[in-house]
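Single-letter residue listing:
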Amino acid sequence: STKSMSSYPGGYPSGDIAWVLTSSALVWLMIPGVGYFYSGMARSKNALSLIMLSVISIAVVSFQWWLWGFSLTFGPAPSKLIGNLDYMFFRNVGNTPMNETETQPMSSSSNLPVSVFAIFQCMFAAITPALAIGSAAERARIIPTTVFIFVWSTIVYDPIACWAWNYNGWSNLLGGLDFAGGTPVHISSGAAALAFCLVVGRRQGHGTDEFKPHNVANTVIGTAFLWFGWFGFNGGSELAANSRAATTCFVTNLAASVGGLTWCLFDYRLEGKLSVLGFCSGAVAGLVAITPGSGYVGTPAAVVFGMVAGVVCNLAVKLKHRFNFDDALDVFAVHGIGGLCGNILTGIFAQKSIIAADGTNLPGGWIEGHWPQVAYQLADSVAGMAYSFTATYIILSVMNLIPGLTLRAAPEAEAIGLDETEIGELAYYHVDRLIAVNTKTDEERITKEETVRLQKEVS
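Residues numbered from 1 in each chain as written. Predicted model: local features only at pLDDT ≥ 70, side-chain atom pairs only at ≥ 80, totals over all residues. Heavy atoms only, no water.

**Observations regarding the overall build of the protein chain**
This is how it is decided: Counting from the N terminus, the helices are the DSSP runs of H or I reaching at least four residues and the strands are the DSSP runs of E reaching at least two. Note that the radius of gyration is over C-alpha atoms, with the globule rule given as 2.2 Å times the number of residues to the power 0.38. Three exposure classes are used, based on accessible area relative to the maximum for each residue type with a 1.4 Å probe and protein chains only: buried under 20%, partly exposed in between, and exposed over 50%. Throughout, a residue-residue contact means that at least one pair of heavy atoms, one from each residue, lies within 4.5 Å. Lys and Arg are tallied as positive, Asp and Glu as negative. Neither His nor the chain termini are counted. The atom standing in for a charge is NZ when the residue is Lys, CZ when it is Arg, CG when it is Asp and CD when it is Glu.
Counting its secondary structure elements, the protein chain contains 16 helices and two strands. At 23 Å, the protein chain has a C-alpha radius of gyration in line with the 23 Å of a compact globule built from 459 residues. Across the 459 residues of the protein chain, 55% fall into the buried class. Intrachain contacts of the protein chain at a sequence separation of at least 6 include 73% that bridge at least 24 residues. Computed over 24 positive and 31 negative side-chain charges, the inter-centroid distance for the protein chain is 6 Å.

Given below as structure tokens:
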């Protein structure tokens, strides 16, 4: 996959192209997976709105990516902070190999066509705000949140992704290792989620009512979509169908498995029961943690990633109780803290032998004597978290001052549920019928029929 274009029949690495396009579809599937994961954890009266917001994120960010997002992220970046507008409206995005683009290459080795890389990276940009908005579940209005997705992608996601993945990004030049999105996707969404829940405020009844998941089966379905799609998320980030991609997929699956078991058993010591929700949360935490290191570490390290993520993210959930903020779906604990753990562990366990499987030459991590790598990882993590939190807080505060873009739903709307008040459609309908039976003729007659809208039940 690192040969020149002329080395391939027709000039294109068809196997690599097929794998990356397939991975693009796998990552796309993760986005409604986020919606189902969140939907199951919320109350029934808000179930549909969370799925809708995930799908909206695909549409809004796909347009933003075409408009200027791809250019701001991967365009020539002499400032090392943000790309220029050379690829705005997808101008100059065609079949040119990534290592032969004019002005500034997108890669030092990959000869994948830019157009293939662009659609793959679009899916990463689309899932990130979908993750972040989960912290404000059940009280954030849909139209202002849609506007927020567009603005946040431009001001927050694109610069952070540029730092990590642009050929001339400062973190990339520093030597930071982020294979598939520890900082651009997870730390940035986790920090944004924390800012979002602080600006929007706590749900009605927070601290007194018990907010229970209404449908854990939906959360399992969402976890399955996420886990399945993560093979493309991490494996596709190799941008080639080779042995390093295979190793990436294996460590991804292993970290998820260990993370799920660790979280589940960690909770078992308290409740004496094996929680399905705990397993799902742990699996996602393991997937989050392994993301930045998936192309750099071996299988023993993947076990450590899963165990650390399962324990640390589980404990991080308690932060919202300690500091009394309402991160409704634990986005900061799983993605923010999980991404931070993954970045640091990558700096410790990165192996030259794993990296060199496709001919790449990098110094490895702490275990191979390259101790500054942990410092590089911390610099990237802290910068990403601080910038995302601060910028998100400012964006949301400004939006709250603009008529029509107030983020918080009215108390009445929150009590009824956002499915009813924001969408006008419900995830569940239930019909109650009272039937009278004539015992002589066995004739049945409906004496009362009533449609009960379950989502109007106020917890």
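After presenting the structure, the write-up continues.
**Regarding a nonpolar patch on the surface**
The line we're drawing: Residues forming no salt bridge and having over 30% relative accessible area are the ones grouped into patches, like charges within 9 Å of each other and nonpolar side chains (Val, Leu, Ile, Met, Phe, Trp, Tyr) within 5 Å. Each accessible area value is a Shrake-Rupley result obtained with a 1.4 Å probe; residue values ignore everything except the protein chains displayed when judging cover. Here, a salt bridge means any Lys or Arg side-chain nitrogen found within 4 Å of an Asp or Glu carboxyl oxygen.
Taken together, the side chains of Leu 261, Leu 265, Tyr 268 and Leu 274 present a nonpolar region at the surface, about 430 Å² in accessible area. A relative accessible area of 53% places Leu 265 in the exposed class.

**Some thoughts on the pattern of salt bridges**
Here the structure, examined in full by the defined rule, presents eight salt bridges. With a closest N to O distance of 2.8 Å, Asp 326 and Arg 203 form a salt bridge. Of this pair, Asp 326 sits in the loop between helix H11 (319-322) and helix H12 (331-349) while Arg 203 is found in the loop between helix H6 (182-200) and helix H7 (216-235), placing the two residues 123 residues apart along the sequence. Relative accessible area serves as the criterion here: at 9%, Arg 203 is assigned to the buried category. Of the charged contacts, one joins Glu 238 and Arg 244 as a salt bridge, the two residues approaching to 3.5 Å between their closest N and O atoms. Through salt bridges that share partners, Arg 43, Glu 138, Arg 139, Arg 203 and Asp 326 make up one connected network.

**Considerations on the packing of helix H1 (residues 14-41) against helix H2 (residues 47-74)**
So the rule is basically this: Angular values range over 0 to 180 degrees, each being the angle between N-to-C directions of two axes fitted as lines to C-alpha atoms, with helices fitted over their stretch in contact. In this scheme, roughly parallel covers angles under 35 degrees and roughly antiparallel covers those over 145, while 65 to 115 is roughly perpendicular and the rest are oblique. Handedness of each helix crossing follows the sense of rotation of the near helix against the far helix: counterclockwise by less than a right angle gives left-handed, clockwise gives right-handed. Gly is put with the polar residues, along with every residue not named as nonpolar or charged; the nonpolar set is Ala, Val, Leu, Ile, Met, Phe, Trp, Tyr, Cys and Pro, and the charged set is Asp, Glu, Lys and Arg.
In the contact formed by H1 and H2, the axes pass within 8 Å of each other and the chain directions differ by 160°. Between H1 and H2, the crossing angle belongs to the class labelled roughly antiparallel. As for how H1 packs across H2, the hand of that crossing is right-handed. Residue-level contacts link Trp 28, Ile 31, Pro 32, Val 34, Gly 35, Tyr 36, Tyr 38 and Ser 39 of H1 to Ala 47, Leu 50, Ile 51, Ser 54 and Ile 58 of H2. The residue inventory of the contact of H1 with H2, partitioned by class, reads 10 nonpolar, three polar and no charged.

**Digging into the side chain of Ser 49**
Formally: Residues adjacent in sequence count toward polar contacts only when both atoms are side-chain atoms; beyond that, a polar contact is any pair of N or O atoms within 3.5 Å, and within protein one must be able to donate a hydrogen and the other to accept it.
Structurally, the position occupied by Ser 49 is in helix H2. The exposure class assigned to Ser 49 is buried, which follows from its relative accessible area of 3%. One polar contact links the side chain of Ser 49 to the main-chain carbonyl oxygen of Asn 46, over a distance of 2.8 Å. Setting aside its immediate chain neighbours within four residues, Ser 49 contacts Ile 142, Leu 418, Asp 419 and Ile 423.

**Digging into the layout of surface pockets**
Selection rule: The definitions used throughout rest on a 1 Å grid laid over the protein atoms alone, on which a cavity is an enclosed set of points accommodating a 1.4 Å probe that cannot get out and a pocket is an open set flanked by protein within 12 Å on both sides along at least five of seven lines; lining residues are those having an atom within 4 Å of a point. Grid points are joined across faces, edges and corners, and a volume is the space filled by probe spheres set on the points.
Taken as a whole, the largest pocket encloses approximately 1100 Å³ of empty space. Surrounding the largest pocket, 40 residues form its lining, Leu 277, Val 317, Lys 320, His 321 and Asp 330 being those nearest its centre. Those elements that place two or more of their residues in the lining of the largest pocket are H1, helix H8 (243-271), helix H9 (276-290), H11 and H12. The residue inventory of the lining of the largest pocket, partitioned by class, reads 18 nonpolar, nine polar and 13 charged. As a volume, the second largest pocket reaches approximately 870 Å³. Listing elements by their share of the lining of the second largest pocket, those giving two or more residues are helix H3 (114-132), helix H4 (142-165), helix H5 (170-174) and helix H14 (372-399). At three residues, H3 tops the list of elements feeding residues into the lining of the second largest pocket.

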